[in-house]
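Descriptive analysis of the structure
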Amino acid sequence: MSDQTTPDIIYTKTDEAPQLAAASLLPIIRRFLSELDISVGTRDISLAGRILAVFPEKLTDAQKISDDLAVLGGVVKEASANVIKLPNISASVPQLIEAVTELQGQGYDIPDYPADPKTDAEVEARARYDASKGSAVNPVLREGNSDRRAPSSVKAYAKANPHRMGKWSSDSKTCVSTMGANDFRSNETSVTLTDAQADGPIRIELTGADGAVSTLKDGLAMPAGTIVDATFLSVAALKDFYQAQIDKTLVDGTLFSLHMKATMMKVSDPIIFGHAVVAYLAPVFAKHADAFKAAGISPNGGFGTMFEAIDAMPNGADIRAEIAAVLADRPPLYMVNSDRGITNLHVPSDVIIDASMPAVIRAGGKGWGPDGNEDDTNCVIPDSSYAPVYDAAVKFCKANGALDPVTSGTVQNVGLMAQKAEEYGSHPTTFEMPQAGTVRVIASNGDVLHEHVVEAGDIWRMASARRAPIENWIQLAIDRMAATGYETIFWLDRDRAHDAELLKYVEPALAKAGLTDAVKIMDPEAATTRSFEVIYKGDNTIAVTGNVLRDYLTDLFPILEVGTSAKMLSVVKLMQGGGLFETGAGGSAPKHVEQLVEENHLRWDSLGEFCALGESLRFLADNQSNAAAAILGDAVDTATERLLTEGRSPQRKVGQPDNRDSHFWFARYWAEALATQTVNADVAAQFKGLSDALAANEDAIIAELSAARGKAVDLGGYYNASEEKTAAVMRPSATLNGLLDA
């Protein structure tokens, strides 16, 4: 056993609904594991925690916190790592500003977020804040590749209790529209570094039209065998594309919806999002460009922050009237929240393609319009790298109808993720071009690895994937195929530059394993169609993908198969031997927090946490030769299956059971499973008293849990909630608390 300095299991403190749920669930986990001398520590990787960690200078000693993300970045490189990672906020700029404002209001002396830094101090503050923006956490922790699948208990429950699926019509006007030219996909070049090219730092240079050379990035170290990609998206082509899609949507009489990932792709996608905002309100921006610039208005923040800033302008009411007039002539926008008037272009962090596109497909190709009714929609996905996946899904459903959860098979995923693989690691080498010119990537031996002619405003990026993670990913896929016998498909496009380089690793490895004919290699569009064919027939398949498609597919298929991606089993097999156990593939559910605050009802389902806990305990059993941990883990699975079978999951409406009720039932069933198991009599005896007490006090506990439902609650903050107030809300049963804290 280790002490709390180096606990056996680390449970992350994150944000929003998962963190609220942790206030209820973590005391249960600690109580059970302490019986067998297994320690559980926590590390704070919440947005508020990350901000405070990088601005310690003016904080009191009581306010200072350690940089737990950096600590965990070291932990995951150790063989003993055992981390349960909950979903966290991938912050957009508006979210970051909200968090900063809240922390300042709580007495934390941290600087404002400088939207337009001018002084050296502002530039430094902006750099620190930007490190917390977007997907700041996952690239640090994911030192391994991904194995994601729906647990058998979840699939069985979905088959017995199918979720609602929208009805598809063959004449649906819903479609996917993408650039197809002059975008990241079409402009991509790729090389695999030789020993000579990797023997020293790589630099990125921009040579302007006047011949002047500026360094965009220097000192990039990459080992031989690394695949290095570079590409750019033409902003002129993007503007033409947006105008064409606005016109098309108006003619078709559908909704206009934008789908991208402005959180994970935190440099490029907010810019692309901002161009959509400008395109939709083009006459307004043309007329008021100078005034907007003077007011510090950036379209990259969306309608939300833009409208707030306009309202503060002397002629704000007139401008808002002009905006209303322009919107009246535009196609209706896909709505995030029709009741509150929140459109698809209000907040960039609301535009998350891996959540929004599955929602449209599950709904039969429908999205919510401003009138509160469902309608067909033009799904606008600017870059064509992965848009064909959703295009194929839409076309398949039009031709074949909605997936039937009762009879469907499953798509598992093995994803290349380790060491910031591919586009999701490209943030530090993504640039909005300050001028026209030529971008070159130059190796230390003088070789020009990439060269692109760009215009001012174009978005250029470089990404990479290293040999060791690639080889590990291929072997993980082979192992999963051997373990399941499922049809296995590598989703790789021979005509895409990056994928062609990947295949130079994949095909020899498959040949060496004797699997050349057993494993399919298909481009993503064809692989999507094939996967739908397989699961529609009730069979199963493994999708072996790169990093972005790992993210997209582990939302798409689970949402169709089991109704949510939050119930996925997500295991990251760390390359140094440790384990990272992610609690599902869903986000952090801000709407769940809103409901809790207003009605004291939290509908967050902790099934993902249960699944991760079981896997973490079994990993601990193997890693530390701790047989009792395996018993705990197996009992977690027993409790989870019973919780599902007996319908104890959280429900959506106040007055129904919520997250806290499900935690009680989980504890009740977990204790009973441990007390009645026959593998270890000593363990059974240790848990008999707790099991009996939970059963005997069932009625009292349920009554105490539900006593204050329907009333507004105060958490003392959103991004940095009070631990005491949160505990009071999330642990309202004195009886249950007494049993757990004994």
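1. Focus: the sheet that holds strand 16 (residues 430-432)
Spatial strand order, 6-9-19-16: 4 strands in an open sheet with antiparallel pairing. Where the open sheet ends on each side, the last strands, each with one partner, are strand 6 (189-192) and strand 16. Each adjacent strand pair in this sheet contributes to an overall mean axis angle of 10 degrees, direction not counted. The pairing of strand 16 with strand 19 (residues 459-465) spans 3 bridges and is classified as antiparallel. Paired with Glu432 across the bridge in strand 19 is Ile459. Helix 10 (residues 268-280) rests against strand 9 (227-233), strand 16 and strand 19 of the sheet, and its axis sits at about 150 degrees to strand 19.

2. What about the sheet that holds strand 15 (residues 411-415)?
Sheet architecture is open: 10 strands sit in the order 2-1-3-24-23-4-15-22-20-21, paired in mixed fashion. Sheet topology places strand 2 (40-44) and strand 21 (520-522) at the edges, where each strand pairs with a single neighbour. When the angles between neighbouring strand axes are averaged without regard to direction, this sheet yields 20 degrees.

3. Details of the pairing of strand 9
Of all 7 residues in strand 9, 7 are buried; the element is thus mostly enclosed. Residues Ile227, Asp229, Thr231 and Leu233 point to one face of strand 9 and Val228, Ala230 and Phe232 to the other, with burial holding for every one of them. Taken together, the 4 bridges between strand 6 and strand 9 define a ladder with antiparallel strand orientation. Opposite Thr189, over in strand 9, you have Ala230 as the bridge partner. Sheet analysis places strand 9 next to strand 19, joined by 7 bridges and oriented antiparallel. Residue pairing across strands places Val228 opposite Ser464, the latter belonging to strand 19.

4. A closer look at helix 15 (residues 387-400)
In a regular helix each residue adds 1.5 Å, so 14 residues correspond to 20 Å; helix 15 covers 20 Å between its end C-alpha atoms and thus fits that length. Taking burial as the measure, the 14 residues of helix 15 include 10 buried ones, the bulk of the element. Every buried residue belonging to helix 15 is among Ala387, Val389, Tyr390, Asp391, Ala392, Ala393, Val394, Phe396, Cys397 and Lys398, and all of these are buried. Of the surrounding secondary structure, the elements contacted by the buried residues of helix 15 are strand 5 (175-177), helix 14 (353-362), strand 20 (487-491), helix 18 (524-536) and helix 19 (547-562). Downstream of helix 15 by a residue or two, Gly401 has a phi angle that is positive, lying close to 85 degrees.

5. Comments concerning the environment of Val654
Inspection of the secondary structure assignment puts Val654 in the loop between helix 22 (627-645) and helix 23 (659-676). C-alpha separation for the pair Val654 and Ile352, spaced 302 residues apart in sequence, amounts to 28 Å.

6. Points about the packing of helix 16 (residues 467-484) against helix 17 (residues 497-512)
Two numbers describe how helix 16 lies on helix 17: the axes approach to 10 Å, and their chain directions differ by 40 degrees. Taken together, the axes of helix 16 and helix 17 are oblique relative to one another. Judged by the twist between their axes, the crossing of helix 16 over helix 17 is right-handed. Between helix 16 and helix 17, the residues in contact are Arg467, Ile470, Glu471, Trp473, Ile474 and Ile478 and Leu502, Tyr505, Val506, Ala509 and Leu510, respectively.

7. Section: the pairing of strand 23 (residues 569-574)
Taking burial as the measure, the 6 residues of strand 23 include 5 buried ones, the bulk of the element. Note: strand 4 (residues 144-149) against strand 23, 6 bridges, orientation antiparallel. Bridging across to strand 23, Arg148 finds its partner in Ser570. Inspection of the sheet shows strand 23 paired to strand 24 (residues 579-583) by 5 bridges, in the antiparallel sense. Paired with Ser570 across the two strands is Glu582, which belongs to strand 24. The turn joining strand 23 and strand 24, which pair antiparallel and follow one another in sequence, is formed by 4 residues; a positive phi near 110 degrees is taken by Gly577.

8. Digging into the state of the cysteines
Throughout the structure, instances matching the rule amount to 0 disulfides. Here Cys175 is not cross-linked by a disulfide; its sulfur's nearest cysteine counterpart is in Cys379, at 6.9 Å. Overall, the relative accessible area of 17% leaves Cys175 in the buried class.

9. Considerations on the environment of Tyr718
Along the chain, the position of Tyr718 falls in the loop between helix 25 (698-706) and helix 26 (723-730). Residue classification places Tyr718 among the partly exposed positions, given a relative accessible area of 32%. When the C-alpha positions of Tyr718 and Leu515 are compared, they lie 51 Å apart, and in sequence the two are 203 residues distant. Those residues within four positions of Tyr718 in sequence are excluded, and the remaining contacts are Glu16, Glu102, Pro590 and Val593.

10. Describing the nonpolar core
Counting 57 residues, the largest nonpolar core has Phe32, Leu33 and Trp670 as its most contacted members. Here Trp670 is in contact with Ile28, Ile29, Phe32, Leu33, Leu613, Leu617, Leu632, Ala635, Val636 and Ala639, once residues within four sequence places are set aside. Core analysis: the next-biggest nonpolar cluster, separate from the first, contains 37 residues, Ile272, Val277, Val326 and Ile459 among them.

11. Brief notes about the side chain of Asp229
By secondary structure assignment, the location of Asp229 is in strand 9. Buried and unpaired, Asp229 has no salt bridge, with Arg496 as the nearest side chain of opposite charge at 5.7 Å. Side-chain polar atoms of Asp229 contact the side chain of His498, separated by 2.7 Å. Residues in contact with Asp229, not counting those within four places in the same chain, are Glu188, Thr189, Ser190, His450, Arg461, Met462, Ala463 and His498.

12. Here's the deal with the packing of aromatic side chains
Per the stated rule, a full pass over the model turns up 22 aromatic pairs. A ring pair is formed by Tyr386 and Tyr552, whose centres lie 6.0 Å apart and whose planes are at 80 degrees; its orientation type is edge-to-face. Placement of Tyr386 in the loop between strand 14 (374-380) and helix 15 and of Tyr552 in helix 19 is noted, with a sequence separation of 166 residues between them. For Tyr386, a relative accessible area of 12% corresponds to the buried category.

13. Points about unusual backbone geometry
The phi torsion at Asn600 lies on the positive side, around 55 degrees, for a residue other than glycine. As for its position among the elements, Asn600 is in the loop between helix 20 (590-599) and helix 21 (607-624). Classification of Asn600 by relative accessible area gives buried; the value is 6%.

14. Some details on the pattern of salt bridges
With the rule as written, the count across this model stands at 48 salt bridges. One salt bridge connects Asp493 with Arg185, and the closest N-O pair in it is separated by 3.0 Å. Here Asp493, found in the loop between strand 20 and helix 17, pairs with Arg185, found in the loop between strand 5 and strand 6; they are 308 residues apart in sequence, far enough to count as distant. We classify Asp493 as buried; its relative accessible area is 16%. A salt bridge links Asp658 to Arg709, with the nearest nitrogen and oxygen atoms 3.0 Å apart. With a gap of 51 residues between them, Asp658 in the loop between helix 22 and helix 23 and Arg709 in the loop between helix 25 and helix 26 connect regions that are remote in the sequence. A relative accessible area of 0% means that Asp658 is categorised as buried. Here the salt bridges do not stand alone but share partners, grouping Arg642, Glu646, Arg668, Glu672 and Glu698 into one network.

What counts as what
Residues numbered from 1 in each chain as written. Predicted model: local features only at pLDDT ≥ 70, side-chain atom pairs only at ≥ 80, totals over all residues. Heavy atoms only, no water. Pairing = 2+ DSSP bridges. Helix = DSSP H or I, 4+ residues; strand = E, 2+ residues; numbered from the N terminus. Axes fitted to C-alpha atoms, helices over the stretch in contact; angles between N-to-C directions. Contact = heavy atoms within 4.5 Å. Buried < 20%, exposed > 50% of the residue type's maximum accessible area, 1.4 Å probe, protein only. Expected span 1.5 Å × (residues − 1). Parallel < 35°, antiparallel > 145°, perpendicular 65-115°, else oblique. Left-handed = near helix turned anticlockwise from the far one by under 90°. Disulfide = S-S within 2.5 Å. Core = buried A, V, L, I, M, F, W, Y, C linked by side-chain atoms within 4.5 Å. Lys, Arg positive; Asp, Glu negative; His and termini not counted. Salt bridge = Lys/Arg side-chain N within 4 Å of Asp/Glu carboxyl O. Polar contact = N/O pair within 3.5 Å; in protein donor to acceptor, adjacent residues only side chain to side chain. Phe/Tyr/Trp six-rings, centres within 6.5 Å; stacked < 30°, edge-to-face > 60°.

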